[in-house]
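# Survey of secondary and tertiary structure
Listed below, chain by chain, are the residues.
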Amino acid sequence: MKTSNNIITLTSRDLHIFHLLNEFWVLESDTISSIVAPATQHKTFSMRLLSLKKAGYIREVWQNERVRNKNIIYALNTNKDILKRIYLETGLQLQVNYYTTSYGMLNHQIYLWKLVAHLITELRKRGKEIDVLKIIWSKNIQKTVVKEQEKPRSEYEYLDFIVIPDAIIEIWNILYCFELENTNSFKQAEEKFTKYNQLLLRKDTKNFLPLFQGKKLALIVGCWDYKKWTYAELLIENYSGKSLIVNIENI
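The shown structure was predicted, so the numbers you read here are calculated from the model rather than taken from an experiment. (Residues numbered from 1 in each chain as written. Predicted model: local features only at pLDDT ≥ 70, side-chain atom pairs only at ≥ 80, totals over all residues. Heavy atoms only, no water.)

Take unusual backbone geometry next. Positive phi is not limited to glycine here, since Tyr-158 has a value of about 60 degrees. The residue Tyr-158 is located in the loop between helix H6 (138-149) and strand S5 (167-171) in this model. Tyr-158 gets classed as partly exposed once you look at its relative accessible area, which sits at 36%. Despite not being glycine, Trp-172 has its phi angle at roughly 50 degrees, a positive value. Note that Trp-172 resides in the loop between S5 and strand S6 (174-180). In this structure Trp-172 comes out as exposed when scored by relative accessible area, which is 67%. (Helix = DSSP H or I, 4+ residues; strand = E, 2+ residues; numbered from the N terminus. Buried < 20%, exposed > 50% of the residue type's maximum accessible area, 1.4 Å probe, protein only.)

Structure (structure tokens):
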């Protein structure tokens, strides 16, 4: 509850918000709301975000260049005094992640996590609850692959055939692999889908990377509506696994 001097009592929901922003860099207010508090009205949840902003825990990003006019883009305030305050008040110790702040990367991240939130919402409707903090982002997958590739003798084979999805969620032995096709050309998309098919054919070999080995793959592609049918054709021609195309305009 808010008190004087913008001091507020932090809740478990607030800590969830901090976790998300620390892990995923930036999120729009409606994305945070749909993930953290789907049963709460967005207007009510936005007031809480505003309180956290006024108290200094989170900050607004690119105020004058929002990707969408109706939603505020938030990031965690990584000031050391703020992080110390969070730790002293709650025991939550956040390891700061630093990210490139180009507009192109910001735009990609905003729509990527809208795509993830869209799937989470659909899965919740089917009774499948998701631990959002277990989402694996591309940078973490890439670090693992590069580390193994740099070893003189890795215990894993076919590392060159591993695709780095924008994000991964594992649910009941299914890996949902997210690909946000925002600015890529159709040629780049075709090459990527072909690589996913190669991954599909090799992932169950004995010494494949455990992240993919023995798992079913479901490819989730986000794209603009005018590209949808072309992407559908590219998937049919180049990828034999399960896939779903989501219109960016609808999320």
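Now for the packing of helix H7 (residues 186-202) against helix H8 (residues 228-238). Across the interface, H7 lies against H8 with an axial gap of 9 Å and an inter-helix angle of 35 degrees. With respect to the hand of their crossing, H7 and H8 are arranged in right-handed fashion. Within the contact between the two elements, H7 uses Phe-186, Ala-189, Glu-190, Phe-193, Thr-194 and Asn-197 and H8 uses Thr-230, Tyr-231, Leu-234, Leu-235 and Asn-238. (Axes fitted to C-alpha atoms, helices over the stretch in contact; angles between N-to-C directions. Left-handed = near helix turned anticlockwise from the far one by under 90°. Contact = heavy atoms within 4.5 Å.)

Further remarks concern the layout of surface pockets. What the largest pocket holds in volume is close to 210 Å³. Of all the elements in the fold, those that place two or more residues in the lining of the largest pocket are helix H5 (103-125), H6 and S6. The element contributing the most residues to the lining of the largest pocket is H5, with three residues. For the lining of the largest pocket, the per-class residue count stands at three nonpolar, eight polar and three charged. (1 Å grid on protein atoms, 1.4 Å probe; cavity = no way out; pocket = protein on both sides within 12 Å on 5 of 7 lines; lining within 4 Å. Points joined across faces, edges and corners; volume = space filled by probe spheres on them. Nonpolar A, V, L, I, M, F, W, Y, C, P; charged D, E, K, R; others polar.)

Read these as layout, nothing more, since geometry by itself doesn't imply function.
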